[in-house]
Amino acid sequence: MIRIIDVHIDYEQGGGAFGSGASEIVHALKGVTLDINNNDYVAIVGPSGSGKSTLITAIAGLIGLVKGDIFVDKYKLTRAGRGRQAKIRAKYFGIIFQFSEMLGRFTVEENLRFAYVAAHGAIDEGYHTRLKYLAEMLDMFPLLTSYPGKLSGGQLQKTAIARALVKDSAFILADEPSGDLDPESVARVKKLLREEHERGKGILLVTHDNKLASDATSVFEMRGGKISSHLK
Ligand SMILES: Nc1ncnc2c1ncn2[C@@H]1O[C@H](COP(=O)(O)OP(=O)(O)OP(=O)(O)O)[C@@H](O)[C@H]1O
Ligand SMILES: [Mg+2]
């Protein structure tokens with residue numbers, strides 16, 4: 001399970017490189033508490049700037065906390081060193097970032113391959129099965145041999161989804177996975193997430209799309225760095 005306990009996160013904004021200009025502290029998360037069990041499908045909605053992406057970044061172990069703790073199974077993520085955090089991230093999480101980056105010098109399929117190896121150590125039969133399934137579900141066979149720099153925004157988003165899911169890890173963290181997609185692709189992503197949930201994955205989905213959120217078993221709203229209501 002993922003256990004998020006009273007998490008506070010600040011960002012320092014502005015301020016010049018040599019101490020010129022005033023900097024300002026933004027309290028992006030102000031005490032978020034949430035449990036995500038292995039077979040939960042949790043969606044978070046809420047206005048722009050309410051802290052949704054910051055929460056995903058924190059669970060991924062990519063940002064320091066001012067206060068609070070995050071546990072992933074028995075691991076205290078927030079007290080682990082960077083190397084250990086990276087290992088936990090690779091093994092436990094398939095993460096679809098709001099703005100994801102691919103390795104531009106490698107094909108889409110190679111990018112997926114690297115993600116798999118980071119989690120499993122080597123390519124095996126599981127990789128080929130997963131690759132085929134995801135390429136079919138997301139209708140992206142022709143993209144596998146392309147280079148990321150040649151893809152459209154929507155194609156890139158599908159690639160980011162496939163890269164996150166190819167590892168078959170216990171949890172999926174998805175930050176606006178459908179923002180750049182056409183309606184047919186959104187429907188495919190919706191079905192894919194539903195199937196992953198049925199297979200026992202724990203899912204945390206951040207979205208502005210109520211239709212996409214409708215498959216979630218719990219829906220929370222965030223406002224001003226806090227979970228403000230439990231909508232479902
Ligand atoms: N890297 C950063 N540096 C400084 N401030 C940041 C950074 N990332 C986010 N913030 C600030 O933290 C707050 C929360 O931002 P966050 O990106 O988590 O919002 P969000 O809910 O994901 O919004 P959106 O729906 O637009 O994606 C905002 O006030 C934002 O300006
Ligand atoms: Mg965001």
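Located above this text is the structure these notes cover.
Below is a summary of the structure that appears in this document.

Parameters and conventions
- Every residue gets a number counted from 1 within its own chain, in the order that chain's sequence is written.
- Chain A is the first chain written and ligand 1 is the first ligand written, with later ones labelled in order.
- In view of the model being predicted, local features appear only for residues whose pLDDT reaches at least 70, and side-chain atom pairs are presented and counted only at 80 or more, with totals across whole chains, interfaces and linings using the full set of residues.
- Helix and strand labels come from DSSP, where a helix needs a run of H or I of at least four residues and a strand needs a run of E of at least two; each type is numbered from the N terminus.
- Throughout, the radius of gyration refers to the C-alpha atoms, and the reference size of a globule is 2.2 Å times the residue count to the power 0.38.
- Distance between backbone-placed C-beta atoms decides contact: two residues are in contact if it is within 7 Å.
- Near, for a residue, is defined by distance from a backbone-placed C-beta atom to a molecule or strand, with 6 Å as the limit that must not be exceeded.
- Residues are sorted three ways: Asp, Glu, Lys and Arg are charged, Ala, Val, Leu, Ile, Met, Phe, Trp, Tyr, Cys and Pro are nonpolar, and all the rest, Gly among them, are polar.
- Strands are treated as partners if at least two bridges between them are detected by DSSP.
- A fitted line through C-alpha atoms serves as each axis, taken over the contacting stretch for helices, and the angle formed by two N-to-C directions is quoted from 0 to 180°.
- Our exposure labels follow a C-beta count within 10 Å of each residue's own C-beta, placed from the backbone: buried means 20 or more other C-beta atoms, exposed means 12 or fewer, and partly exposed covers the counts in between.

**Brief notes about the overall build of the protein chain**
No. 1: The number of helices and strands found in the protein chain is seven helices and ten strands.
No. 2: Scaling as 2.2 N^0.38, a compact globule of 232 residues should have a C-alpha radius of gyration of about 17 Å, and the protein chain matches this with 18 Å.
No. 3: Considering only C-alpha atoms, the protein chain reaches an extent of 50 × 45 × 35 Å along its principal axes.
No. 4: Considering only contacts within the protein chain whose residues lie at least 6 apart along the sequence, 69% involve residues at least 24 apart.

**Section: the site of ligand 1**
No. 1: Every residue near ligand 1 is listed here: Tyr11, Gln13, Val26, Ala28, Ser48, Gly49, Ser50, Gly51, Lys52, Ser53, Thr54 and Gln98.
No. 2: Counting residues per element, the ones that place at least two in the shell around ligand 1 are strand S1 (2-14), strand S2 (23-36) and helix H1 (52-59).
No. 3: A per-element tally of the shell around ligand 1 places H1 first, with three residues.
No. 4: Looking at the shell around ligand 1 residue by residue, the class counts come to three nonpolar, eight polar and one charged.

**Digging into the sheet that holds S2**
No. 1: Taken in spatial order, the four strands line up as S2-S1-S4-S5 in an open sheet, and their pairing is antiparallel. Edge positions in the sheet fall to S2 and strand S5 (75-76), since each of these pairs with one other strand and no more.
No. 2: Two elements, S1 and strand S4 (residues 67-72), share five bridges in a ladder whose sense is antiparallel. When the sheet's bridge partners are listed, His8 is paired in S4 with Lys67.

**With respect to the sheet that holds strand S8 (residues 202-206)**
No. 1: Taken in spatial order, the six strands line up as S6-S7-S8-S3-S9-S10 in an open sheet, and their pairing is mixed. Two strands bound the open sheet, and with one partner strand each, they are strand S6 (93-96) and strand S10 (226-230). Taken over all neighbouring pairs, the strand axes of this sheet differ in orientation by 20° on average, direction set aside.
No. 2: Where strand S3 (residues 41-45) lies against strand S9 (residues 218-223), four bridges are found, and the strand directions are parallel. If you follow Ile44 over to S9, its bridge partner there is Phe220.
No. 3: Sheet strands touched by H1: S3, strand S7 (171-175), S8 and S9. Its angle to S7, the strand with the most contacts, is close to 150°.

**Considering unusual backbone geometry**
No. 1: For Asp168, which is not glycine, the phi dihedral falls at a positive 60°.
No. 2: Mapped onto the elements of the fold, Asp168 is located in the loop between helix H5 (153-165) and S7.
No. 3: When the 18 C-beta atoms within 10 Å are taken as the criterion, Asp168 is described as partly exposed.
No. 4: Non-glycine residue Glu176 carries a positive phi angle of around 50°.
No. 5: Mapped onto the fold, Glu176 is located in the loop between S7 and helix H6 (183-198).

**Let's talk about the pairing of S8**
No. 1: Of all five residues in S8, five are buried; the element is thus mostly enclosed.
No. 2: The alternating pattern of S8 places Gly202, Leu204 and Val206 on one face and Ile203 and Leu205 on the opposite face, and all of these are buried.
No. 3: Strand direction decides the pairing type here: S7 and S8, joined by five bridges, are parallel. Note that in S8 the partner of Ala174 across the bridge is Leu205.

**Observations regarding the environment of Val117**
No. 1: Within the secondary structure, Val117 sits in helix H3 (residues 108-120).
No. 2: Owing to 15 C-beta atoms within 10 Å, Val117 belongs among the partly exposed residues under this scheme.
No. 3: Note: C-alpha distance between Val117 and Asp40 (77 residues apart in sequence) is 26 Å.

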